[in-house]
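The chain contents come next:
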Amino acid sequence: MSKSALKTASVLAFERNLDVSDAYLWQTDSKAANKATSPSPVVIKEKSVRGTISNRLKNTITNDLAKLDAETEKANLQKVDSASLDENNDTLVARFSLKVLPFTGKPNVCNDQDYQKALEQVVTDYIDTQGVDELARRYAINVLNARWLWRNRVGTESIKITVKCNDQTIIIDDAKAYGLKNFNSDDANIRQVADWIKAGLNGDEFIILYVEAQAIIGYGQEVYPSQELILDTGSKKSKVLYRVSDRRGSEDNAGMHSQKVSNAIRTIDDWYPDAEFPIAVEPYGAVTTLGTAFRQPKAKMDFYTLFDNWVLNGDAPDISQQHYVMGVLIRGGVFGASGKE
Amino acid sequence: MSRVDDDNNIGIVGYLLFKKVMIDGANTISSPLTYGFPAITGFLGSFHAMSRKMADDESLSEVSLGGVLLACHDCQPQMYRPNSYNNYTFNQTRNPIKKDGKTASIIEEGKCRLVMSFVVEVLADTTLTTEQQASAIQNTKQWIQQQRMAGGSVRGLAIFEPVQFFDNSDISAVIPQLLPAFVLMDAQNEFAQIINDVQKDDPDATPLDALIEVCALHQIPETQKNGDTKWLTTSRKSGHGWLVPMPVGYQGISELYDSGVMQNVRNPEYPSQYVEAVYSLGKWVYPQRLNRIGGEHDIANAFWRYRYDADDSLYLVTQRQDF
């Protein structure tokens, strides 16, 4: 078959190659005389609060003063979930495991063998010429800079990161020394973690990293687990937080969704047009919190344009965009072309 | 995968035990009608994939995997209800925003966390050498962590001796290793009996009615001697053990098309057919009840295998060996 006859498979999906677990949130005291005291879970509690009406009101109400007064004087009762450290603990302990699976470019499902061959060739060429060094280095930095703590990282006094792999352990005493804005940091610890991730992606050995962060955030301070998306909450509770375990004794253990942690780990894309800060690797460069997609298809810098040009037409993009395309494949997803178009 | 052909000597030479496999994000919706424990096919498929990896391995190329025993230590569907007596809803995930910055639609899913132990039949024509056993343990321990099971990812295994090999004659030694868990058993006999009972009360009742009856609670008033009314809660399944409705395979609902005829299928290189789910009852049994040799409560009958019936277009998972 000639190259031009190649078309994207209608069923094409990739498994994620960085398999991240949920993050479990625990707590401990950094000043405890007996260091051996084992951490206890951060517990999600339900709070009932009497709030005020502070939302923007409809025009019909703002125009009628009597109604406006009545409206703003009403109490706003709500029930929410919240999580915070106990008053005798000042350290948030967050743990997750990161499994690195071999990345060969072989799709999880693909219903077109010719296409699959072309695709695997592209990935093999990339691995032969570029290798996964750059990607692994960036993932490693995101593990060590504690970006994955998200809001819990803000306002911390210090963060200590421990990464365990097989029998080796790496300890970073000041994770905040690594910046979030760029990937210029480089030291022996980053290189070690990058080497592990590289070995896992290349399939040289089975790699699972156990990552733990100890963030000193202050006695009794609030922590921020993931929020559950519940389509029908009834009118009972306006915010439900993620309980990572239903096991008896720790039913209300707070956690962060694996999706949230892995989004932080793959925040390595500073190759998009006019990049000012790294964003998570996504097919359209979408950042939900900003409501913006940074890789618009019209700029021809989105995943599908780059990927199709590369696989179907053999037209390899810049090296930085190659990293991006491979980053998306490592992220995984369903990329098949609908037969309807 | 599990078909033992008569014309060669391939047989069960031993068992591999995978102890306390923790699975995150497994698909809890087992069929269009049932949820809770994932479908059996989700686990059989995973071990089938493992069996194919064995075929590519130097020392294990003569070895394959057969039926799978499913023992569940813990199953937690991720769902929420505002208060008791409300319906549960599955906790959803939001997808990345679309290219125009708008919110993407929600793809509804149901996930659960599992802790499972598996016992898998090891098939070969000769008994395994010690090196082969060691290699099988070493490789499968890595493979199980690298592949998905029932749509979820394996987070870890038991700390001590997570994968063990048992000789064919030694199968009862597996039982203590499975504690505390429940083993999923076929409850065809119980189902037949319940269908019978239901049809006694209502001759027009179908097996589907009986299946729904299993999930229903009946509140029956009873007048006591002093004139008070006492409400009794009864269920069809009481007295039969811990019964659960579950899918056991697929029934073809179209002809079997040749490979390449059906559009946009996952594997155009194979023939394909439209199917719908087949339901039956399963039963959770405590492993210590499975130590009687012969009969219904023999652990050898607790292994699930694929079975294809071309005449009736049935694609089943079953524990029966006598076809």
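Residues numbered from 1 in each chain as written. Chains lettered and ligands numbered in written order. Predicted model: local features only at pLDDT ≥ 70, side-chain atom pairs only at ≥ 80, totals over all residues. Heavy atoms only, no water.

With respect to the sheet that holds strand 6 (residues 75-84) of chain A
All names here are of chain A. Note the threshold: Two strands pair if DSSP finds at least two bridges between them. Helix numbering and strand numbering both begin at the N terminus, where a helix is a DSSP run of H or I of at least 4 residues and a strand a DSSP run of E of at least 2.
The strand order across the open sheet formed by three strands is 5-6-12, and the pairing between neighbours is antiparallel. Unpaired on one side and paired on the other, strand 5 (44-52) and strand 12 (222-223) mark the two borders of the sheet. In this structure, strand 5 lies alongside strand 6, joined through nine bridges in antiparallel fashion. Looking at strand 6, one finds that Val49 is bridged to Gln78.

Some words on the interface of chain A and chain B
What counts is decided by this rule: It only takes one pair of heavy atoms within 4.5 Å for two residues to be counted as in contact. Accessible area that two parts lose when put together, evaluated with a 1.4 Å probe and summed over both, is termed the buried area. One speaks of a salt bridge when a side-chain nitrogen belonging to Lys or Arg is within 4 Å of a carboxyl oxygen belonging to Asp or Glu. Two N or O atoms form a polar contact when they lie within 3.5 Å of each other; inside protein one atom must be a possible hydrogen donor and the other a possible acceptor, and for residues adjacent in sequence the pair counts only when both atoms belong to side chains. Classification convention: Asp, Glu, Lys, Arg as charged; Ala, Val, Leu, Ile, Met, Phe, Trp, Tyr, Cys, Pro as nonpolar; all other residues, Gly among them, as polar.
Opposite the 46 residues of chain A that make contact, chain B presents 32 residues. Here chain A meets chain B over a buried area of about 3,300 Å², counting both sides, of which 52% is carbon and sulfur. One can count one salt bridge joining chain A with chain B. Linking A:Asp22 and B:Arg113 is a salt bridge whose minimum nitrogen-to-oxygen distance equals 4.0 Å. Between the two partners, chain A and chain B, sit ten residue pairs in polar contact (both at pLDDT 80 or more). Elements supplying a minimum of two residues to the side of chain A that touches chain B: strand 7 (91-100), strand 8 (109-110), strand 14 (286-287) and strand 15 (292-293) of chain A. Within the side of chain A that touches chain B, the residues separate by chemical class into 19 nonpolar, 13 polar and 14 charged.

Let's talk about unusual backbone geometry
B:Pro180 follows B:Leu179 through a cis peptide bond whose omega is -10°. Its place among the elements puts B:Pro180 in the loop between helix 3 (174-178) and strand 9 (182-186). Notably, A:Asp274 is not glycine yet its phi reads approximately 55°, a positive angle. Note on placement: A:Asp274 falls in the loop between helix 6 (258-265) and strand 14.

Let's talk about the layout of surface pockets
The condition is simple: Cavities and pockets are found on a 1 Å grid laid over the protein atoms alone: a cavity is a set of points where a 1.4 Å probe fits but cannot escape, a pocket is an open set with protein on both sides within 12 Å along at least five of seven lines, and a lining residue has an atom within 4 Å of such a point. Grid points are joined across faces, edges and corners, and a volume is the space filled by probe spheres set on the points.
Of the pockets and cavities examined, the second largest pocket occupies roughly 1,300 Å³. Along the walls of the second largest pocket sit 36 residues, with A:Tyr210, B:Met22, B:Arg155, B:Gly156 and B:Ile159 positioned nearest its centre. At the level of secondary structure, the elements contributing two or more residues to the lining of the second largest pocket comprise strand 3 (23-28), strand 7, strand 9 (158-165) and strand 11 (207-216) of chain A together with strand 1 (11-27), strand 2 (64-77), helix 2 (130-146) and strand 7 (152-156) of chain B. Sort the elements by how many residues they give to the lining of the second largest pocket and strand 11 of chain A lands first, with five residues.

So, the pairing of strand 9 of chain B
All names here are of chain B. Test applied: Note on classification: 1.4 Å probe, protein chains only; a residue is buried when its accessible area is under 20% of the maximum for its type, exposed when over 50%, partly exposed between these limits.
In terms of burial, strand 9 is a largely internal element, four of the five residues being buried. As paired elements, strand 2 and strand 9 share two bridges and run antiparallel to each other. Note on strand 9: the bridge partner recorded for Cys72 is Phe182. Where strand 9 meets strand 13 (residues 275-285), four bridges bridge the pair, whose relative direction is antiparallel. Bridge pairing in strand 13 links Leu184 to Trp284.

Remarks on the confidence of the model for chain B
All names here are of chain B. Rules: Per-residue confidence from the predictor is given as pLDDT, running between 0 and 100.
Here chain B averages 87 in pLDDT, and 95% of its residues register 70 or above. Here residues 1-7 is a poorly scored stretch, pLDDT under 50, and it has 15 contacts once near neighbours within four places are set aside; other chains count. Across the interface, the model reports ipTM at 0.84; the global pTM reads 0.87.

Here's the deal with the packing of helix 4 (residues 188-201) of chain B against helix 5 (residues 207-215) of chain B
All names here are of chain B. Note the following rule: Only the contacting stretch of a helix is used when fitting its axis, a line to C-alpha atoms as for every element, and angles between N-to-C directions run 0 to 180 degrees. Orientation categories follow fixed angle ranges, with anything under 35 degrees roughly parallel, anything over 145 roughly antiparallel, 65 to 115 roughly perpendicular, and all other angles oblique.
For the pair helix 4 and helix 5, interaxial distance at closest approach is 9 Å and the crossing angle is 100°. In terms of orientation, helix 4 and helix 5 fall into the roughly perpendicular class. In this structure, helix 4 contributes Phe191, Ile194, Ile195 and Val198 to the contact, and helix 5 contributes Pro207, Ala210, Leu211, Glu213 and Val214. Residue composition of the contact of helix 4 with helix 5, grouped by class: eight nonpolar, no polar and one charged.

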